[in-house]
Amino acid sequence: MKIATWNINSVRLRLDQVERFLAEQAPDVLCLQEIKVAEHLFPHEMFERLGYTHRAVHGQKGYHGVATVSRLPFTEFSRHDWQDNGEARHVGVELPGGLVLENVYIPAGGDVADREVNPKFGQKLDFIGRMTRWADKIDRPTLIVGDFNIAPLDCDVYDHKALLKVVSHTPIEIETLARFQDAHGWVDLGRRFIPAPERNYSWWSYRSYWRAKDQGRRLDHMWASPELAPQARAHRFVEETRRWDQPSDHVPLITEFDL
């Protein structure tokens, strides 16, 4: 089973790119984040035409939103409001064989790493705190994927020292994410297959000369339950999407499992 995740930064704007990715990479399941569309306006027709006939869409107008599309049947069973404000940032499905796939879009957290000055930063930490309490109770093989908006390791950013005070790589975010990881013993597949300190970026800011400078961060992740992780056979990031016309600021990740 081949599972992909991609923050597409507007699925309707980049529908041609999603179609190209599905045609070239042929994942069995694709988890999208930041779809930026209400559920009734989601572009179902293209996915249906390509054989992705099973879809779970948790969207909202203009912002956020996640969708899981699959060639394999699944059962949608959860939409957690870890943001605690009604934003569409999660959908969970159960795939054949009992594999649970959680698709999540953690908030970016604004520009200032201080919850007193910047409420969005506090919301991000609280979001992960709610996820941590949830993860502590997981009792089935689970894969959680998506845009975590945190680069946890020193080598997950282009300049560790320069970014220590920049949201996405601050010590408090890294510590908060580590507590989430410890709550279930999640295995970070990105670093299992591409060991530190090898380059493994998934996001580049539109604000920089991102095609010329490799100022990346590893914000997107695929984490497996301890009992599922040994069944992962391969993992990679699909960086060629950066060279496509008007690309997302994120690139897709793919993990292959022998289930």
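Since we're looking at a predicted model, the values are computed, not measured. Residue indices begin from 1 for each chain and proceed along its sequence in written order. For a predicted model such as this one, the threshold for reporting local features is a pLDDT of at least 70, and the threshold for listing and counting side-chain atom pairs is 80 or more; totals across whole chains, interfaces and linings nevertheless cover every residue. As a rule here, side-chain values cover all heavy atoms of the structure and leave hydrogens and water aside.

*Asks:* Please set out the overall build of the protein chain residue by residue, giving values where relevant.
*Replies:* What the protein chain contains, in helices and strands, is five helices and 14 strands. Only C-alpha atoms enter the radius of gyration; for comparison, a globular chain is expected to reach 2.2 Å times N to the power 0.38, where N is the number of residues. Taken against the 2.2 N^0.38 rule, which gives 18 Å for 259 residues, the C-alpha radius of gyration of the protein chain at 17 Å falls within 12% of a compact globule. The dimensions of the protein chain, computed from C-alpha atoms along their principal axes, are 45 × 45 × 35 Å. Per-residue burial for the protein chain yields a buried fraction of 58% across its 259 residues. In the protein chain, of all internal contacts separated by at least 6 residues, the share reaching a separation of at least 24 is 67%. Helical segments are the DSSP runs of H or I of at least four residues, strand segments are the runs of E of at least two, and each set is numbered from the N terminus. Accessible area is worked out with a 1.4 Å probe on protein chains only. A residue is then buried under 20% of its type maximum, exposed over 50%, and partly exposed in between. By the convention used here, residues are in contact when the closest approach between their heavy atoms is within 4.5 Å.

*Asks:* Provide a residue-level description of the sheet that holds strand β6 (residues 90–94), including the pertinent values.
*Replies:* Pairing between strands is defined by DSSP: at least two bridges between the two strands are required. The six strands are arranged β5-β6-β7-β8-β12-β9 in an open sheet whose pairing can be described as mixed. In the strand order of this sheet, the two ends are held by β5 (75–78) and β9 (187–188), each with one partner. Two strands pair when backbone bridges link them, and β5 and β6 are joined in this way by three bridges, in the antiparallel orientation. Counted as the bridge partner of Ser 78 is Gly 92 from β6.

*Asks:* Describe the layout of surface pockets, and please don't skip the residues or the numbers.
*Replies:* Here the largest pocket defines a volume of roughly 940 Å³. Residues are called lining when one of their atoms sits within 4 Å of a cavity or pocket point, these points coming from a 1 Å grid over the protein atoms alone, where a cavity is a set in which a 1.4 Å probe fits but cannot get out and a pocket is an open set with protein on both sides within 12 Å along at least five of seven lines. Surrounding the largest pocket, 34 residues form its lining, Ala 108, Asp 111, Asn 149, Trp 203 and Arg 207 being those nearest its centre. When residues of the lining of the largest pocket are assigned to their parent elements, the largest contribution, three residues, is made by helix α3 (residues 119–135). Gly is placed with the polar residues, together with every amino acid not listed as nonpolar (Ala, Val, Leu, Ile, Met, Phe, Trp, Tyr, Cys and Pro) or charged (Asp, Glu, Lys and Arg). Split by residue class, the lining of the largest pocket holds ten nonpolar, 13 polar and eleven charged. Grid points are joined across faces, edges and corners, and a volume is the space filled by probe spheres set on the points.

*Asks:* Quick rundown of empty space enclosed by the protein? Include the residues and the values.
*Replies:* Taken as a whole and judged by the stated rule, the model has one cavity of 30 Å³ or more. Taken together, Gly 190, Asn 200, Tyr 201, Ser 202, Arg 218, Asp 220, His 221, Met 222, His 235 and Leu 253 make up the full set of residues lining the largest cavity. Across the lining of the largest cavity, the residue classes break down as three nonpolar, five polar and two charged.

*Asks:* Provide a residue-level description of the environment of Arg 199, including the pertinent values.
*Replies:* With respect to the helices and strands, Arg 199 occurs in the loop between α5 (189–193) and β10 (203–204). Between the C-alpha atom of Arg 199 and that of Arg 218, which follows or precedes it by 19 residues, the distance is 9.0 Å. Contacts described as polar in this section are N or O atom pairs within 3.5 Å, which, within protein, must combine one atom able to donate a hydrogen with one able to accept it, while residues neighboring in sequence count only if both atoms come from side chains. Reaching out from Arg 199, the side chain makes a polar contact with the side chain of Asp 214 at a distance of 2.7 Å. Side chain to side chain, Arg 199 and Glu 239 meet in a polar contact 2.7 Å long.

*Asks:* I'd like to hear about the pairing of strand β7 (residues 100–105), residue by residue, with values.
*Replies:* Of all six residues making up β7, six are buried, and the element is well covered by its neighbours. Burial along β7 is two-sided: the residues Val 100, Glu 102 and Val 104 and Leu 101, Asn 103 and Tyr 105 are all buried. Where β6 and β7 come together, five bridges link them in antiparallel fashion. Across the sheet, His 90 pairs through a bridge with Val 104, a residue of β7.

*Asks:* Can you tell me about the confidence of the model for the protein chain, naming the residues and giving the values?
*Replies:* pLDDT is defined as a per-residue confidence score from the predictor, taking values between 0 and 100. The predicted model of the protein chain has a mean per-residue pLDDT of 96, with 98% of residues at 70 or higher. Least confident of the elements in the protein chain is β10, whose mean pLDDT is 95; most confident is strand β2 (residues 29–33), at 99.

*Asks:* Describe α3, naming the residues involved and giving the relevant values.
*Replies:* By definition here, a helix of n residues has an expected span of 1.5 Å times n minus one. For α3, spanning 17 residues, the distance from its first C-alpha to its last is 24 Å, which sits close to the expected 24 Å at 1.5 Å a residue. For α3, the secondary structure elements touched by its buried residues are β7, β8 (142–147) and α4 (171–184).

*Asks:* An account of unusual backbone geometry is requested, with residue identities and associated values reported.
*Replies:* With an omega of 5 degrees, the peptide bond running from Ala 196 to Pro 197 counts as cis. Examined against the element boundaries, Pro 197 turns out to sit in the loop between α5 and β10. Positioned with a positive phi, His 64 is a non-glycine residue whose angle comes to about 55 degrees. In this fold, His 64 is placed in the loop between β3 (54–58) and β4 (66–70). Residue Asn 149 is not a glycine yet carries a positive backbone phi of 60 degrees.

*Asks:* Can you tell me about the pattern of salt bridges, naming the residues and giving the values?
*Replies:* The salt bridge definition used is simple: a Lys or Arg side-chain nitrogen within 4 Å of an Asp or Glu carboxyl oxygen. Taken as a whole and assessed by the stated rule, the structure comprises 19 salt bridges. Where Arg 20 meets Glu 24, a salt bridge forms, and the shortest distance between an N and an O atom there is 2.9 Å. Here Arg 20 and its partner Glu 24 are both found in helix α1 (residues 15–25), four residues apart, which amounts to about one turn of the helix. With a closest N to O distance of 2.6 Å, Glu 76 and Arg 79 form a salt bridge. When its relative accessible area of 33% is taken as the criterion, Glu 76 is described as partly exposed. Arg 79 sits in the partly exposed class, given a relative accessible area of 35%.

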